[in-house]
Amino acid sequence: MSVCYHTLAQKLRSLNLEKDLPAYPNCHPEVNPVDVYRAHLTEILAEVTGVDSKIVYPALQWTQTLDKGDMVLAIPALRVKGKKPNELGEEWVSKFPESPLVHKPTISGTFLQFFFKVDKLSHILIPSIIAKQETFGQNKFLGLKDPADASKGQKKIIVEFSSPNIAKPFHAGHLRSTIIGGFLSNLYEGAGWDVTRINYLGDWGKQYGILAVGYQKYGDDTKLEADPINHLFDVYVKINKDKEVEEEEIKKDTEAGKDVSELRAKSIDERARVYFKAMSDNEPAAIQQWSKFRELSIKRYKETYARLNITFDVYSGESQVKQEQMDLAAKRIADKGISKVSEGAVIIDFTEHVPGKAGKSLGKTLIQRKDGTALYLTRDISELMGREEQYNFDHMIYVVASQQDLHLAQLFKIVELMGYPELAKKCQHINFGLVLGMSTRKGTVKFLDDILRDVGEKMHEVMQKNEDKYKQVENPEATADILGITSVMVQDLSGKRNNNYTFDMDRMTSFEGDTGPYLQYAHARLCSITRKAELSEEDIASADFSLLTESHAADLIRVLSQYPDVVQNTLKTLEPTTILVYLFKMTHTLSSSYPHLKVVGSERQLMIARMALYDAARVVLANGMRLLGLTPVERM
C-alpha cells in the first residue's frame, strides 16, 4: 500500500496539489480515488468554516445523481450555531479558495454541492482502475480489527445461507437465500473480512426415517448414483402417498371399531420412527445409508452451486448438533428460569422476561415436546454456541426468509436471556420476501434445475435470431446457460430484499429495460470494442486524458468514480439492489456515450484515450457483476 500511496502523491503533485493529503479515519485514497477529493475538501472546509476536520470529513457524502454534484455537504451537519444554513453557505462559498481539484461550490437549499474538475479526476481515476483491475472497488482496510495496525488481523464473519433439505430438490426459496448469501459473502470478502460460508443443511429428523422406509420399497442404487436428489425425492413422494393411503385405512378401521394395533405396528409411520431412533442411537447400518444419501445430495448440490458461482467452506447441518450440546443448552435455559414446564412440554413465555410490546410480539414458544424431543430452537441455540466457540466470530449473518422472522428473533433473545448479550448482538438476520408464480399449474413447486434449463433454452433461442453474432460465439449453449442464470439472478436482486416479486420469464430474458441480458450485452459490447481497437497495454498506458473533453466522457468518468463509494455504502444497506441500480445507471451513461466517443476510426491519440476510458468502464462493470455473483460474458 505504501508504494501505491507514494505513486499517488507523485501524481497529485503533477496535478498542482503541492501539499500531502492529510490523513483521516476511513480515508484511503490509494484504494478509493474519491477519498483524494474528500481529504482535499475537508482540509479546505475546516479552514473556511472553523469546524474540526473530524466532523467535516464524515459529513461529505457522495450523490446519487450527477446534477447534484459529485459530493454534497449538508450544512446543518457541521453543527454551527447562530446563523441560518443558507447564510452560512453563502459565507463559506465566498471564502472558498481556488482549488486544483474542485470548482467553487454551489448552494442548493441547505446543501453545498461540489463538482470535481473532471480533467484532474480522469488522471487519478482511470489509471487506478486499469492498474487494480479485479480489486478496484475493494477496500481491505474495512475488515481490519484495528485499521491503524494490520498485524492485529482481520475481523471474522460467518454467513449462513442456502440451507436446503437433503433429498429434496433445490427450489426458488433456496435460490433467494443462496444468491443473497453469496453476494453478502463476496461483499464482506472484498471489504477485507475473513469470511466463512456455512451451508446449514436440513439433514436430520423423522422424515429421513420415512425416506429410508421408502428406499427399501422403491429405491434403485443405479438411479441413486446417477441423479441422487431427484431419485430420493421421487422415493419420498411415493412413500408419502402410501403413508396417506395407510393412514386413511387406519382411520376407517378405527371408526368401524376394529383393532388397528397391528396395522399401526407395521405402519410406515412406526417403521420410520424406529429407523430414526436407530439413526439417533448411531446404529451403523442406519447411519451408513443416511450418510450415503447426504454425501450424494451434497455432491449434486455442489454442481448447482458451481453454476451460480457459489462455494461453501463448511457443509454443516442439523445432524452435526450433538444431543449432549442440546441437553447443556436446555439445562442452562432451565437454570436461568427462562423456560417452564407446561402440560408436560417445555416452553418459554417471553412476556414473563421481556416487558411491553416486545415481549408480546415474541409470544410463547415450545422448545421440547412432551416425549423429550428437542425442537429447532434448542438445536439452533446449541449450533450458535458451538460456532462462537469454534470460530470466535465478530459477526454472524443468517440469510433466511422473512417467514422465519419470529424464529430468529426468539433465538437471539433466548441467547441474550441465557447471559450472552454480546453474542446475541453479533448475530443478524438478513431476511427476504417470496418468489411468486413459481408453481406449475398443478400447484407443485418448480425446481431450480428445471428453471435454469428453461431460461437457458429461452436465451439460446434469442441468441439464434442474430445468425452473424451467433456464429462468433465459441460455445453458444454454455453462453446461453450463463445468460439464463444472469436473467434469473438479476430479476431476483432487482428489488429490495424484503419485497415479494413475481417470476416473469419473458421480462427477465428481455434485452429491453434493466435486465440481466442487458448488463451482459453492455459488457460484451465493451469487449468487442477492445478487440476491434487492437491496442496494446503499452498503448493504453500512454493515454492522454486531457483529450477526453466531451460532456459524455466527463459524465462517464464521474459515474465510474462513484463505484468504491457505492460498494462501501452497500456494506450499510446490505441490499444487492444498491449495486445493481448503480450498474444500470453506469451502463445507461455508457450507452449514451457511444455515438459521441467513437474509438475505431478516430485519430490515434484520441482513440487511445477513449479506449482507456472504456477499459475502465469494462473493469468496473465486470467487478460489479462478479460481486453480485454473475459471470460476465465476452461474446454473445
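Figured I'd write up the structure that's included with this text. Please read all numbers here as calculations on a predicted model, not as lab measurements.

## With respect to the packing of aromatic side chains
The geometry of an aromatic ring pair is captured by two quantities: the separation of the ring centres and the angle between the planes.
Working step 1: Taken as a whole and assessed by the stated rule, the structure comprises 16 aromatic pairs.
Working step 2: Ring plane angle 85° and centroid distance 5.3 Å describe the contact between tryptophan 204 and tryptophan 290, whose orientation is recorded as edge-to-face. Here tryptophan 204 is found in the loop between β6 (194–201) and α7 (206–218), whereas its partner tryptophan 290 is found in helix α12 (residues 284–307), with 86 residues between them in sequence.
Working step 3: Judged by centre distance (6.3 Å) and plane angle (40°), the rings of tyrosine 301 and tyrosine 305 are tilted. Taken together, the residues span about one helical turn, with tyrosine 301 and tyrosine 305 both in helix α12 at a distance of 4 residues.
Working step 4: Overall, the relative accessible area of 1% leaves tyrosine 301 in the buried class.
Working step 5: A network of ring pairs unites the aromatic residues Phe161, Tyr301, Tyr305, Phe312 and Tyr315 as a single cluster.
Working step 6: In this structure, arginine 387 is placed above the aromatic ring of tyrosine 200, and the distance from its NZ or CZ to the ring centre is 5.4 Å.

## Thoughts on the sheet that holds strand β8 (residues 340–342)
Working step 1: Ordered by their spatial adjacency, 3 strands build an open sheet running β8-β9-β10, and the pairing between neighbours is antiparallel. Edge positions in the sheet fall to β8 and β10 (364–368), since each of these pairs with one other strand and no more. With direction set aside, neighbouring strand axes in the sheet form an average angle of 45°.
Working step 2: Direction of pairing for strand β9 (residues 345–349) relative to β10: antiparallel, over a ladder of 4 bridges. Residue pairing across strands places isoleucine 348 opposite threonine 365, the latter belonging to β10.

## Some remarks on helix α25 (residues 563–573)
Working step 1: Within α25, 8 of the 11 residues are buried, which leaves the element mostly enclosed by the surrounding structure.
Working step 2: On its buried face, α25 sits against α2 (34–49), β1 (60–62), α6 (172–190), α24 (551–561), α26 (576–593) and α27 (604–628).
Working step 3: Where α25 ends, the next residue or the one after it, leucine 574, has phi of about 50°, a positive value.

## Comments concerning the sheet that holds β1
Working step 1: Here we have 4 strands laid out as an open sheet, ordered β1-β2-β4-β3, and antiparallel in their pairing. Two strands close off the open sheet at either side, each with one partner strand: β1 and β3 (106–108). Within the sheet, the average angular offset between the axes of one strand and its neighbour, ignoring direction, is 35°.
Working step 2: The pairing of strand β2 (residues 71–74) with strand β4 (residues 111–114) spans 4 bridges and is classified as antiparallel. Paired with leucine 73 across the strands is leucine 112, a residue of β4.
Working step 3: Against the sheet, α2 contacts β1, β2 and β4, and its axis sits at roughly 150° relative to β1.
Working step 4: Across the face of the sheet, helix α4 (residues 85–95) comes into contact with β2, β3 and β4 while running at roughly 170° to β3.

Criteria and thresholds
Residues numbered from 1 in each chain as written. Predicted model: local features only at pLDDT ≥ 70, side-chain atom pairs only at ≥ 80, totals over all residues. Heavy atoms only, no water. Phe/Tyr/Trp six-rings, centres within 6.5 Å; stacked < 30°, edge-to-face > 60°. Helix = DSSP H or I, 4+ residues; strand = E, 2+ residues; numbered from the N terminus. Buried < 20%, exposed > 50% of the residue type's maximum accessible area, 1.4 Å probe, protein only. Lys NZ or Arg CZ within 6 Å of the ring centre and 35° of its normal. Pairing = 2+ DSSP bridges. Axes fitted to C-alpha atoms, helices over the stretch in contact; angles between N-to-C directions. Contact = heavy atoms within 4.5 Å.

Any functional reading would require information beyond the geometric quantities listed.
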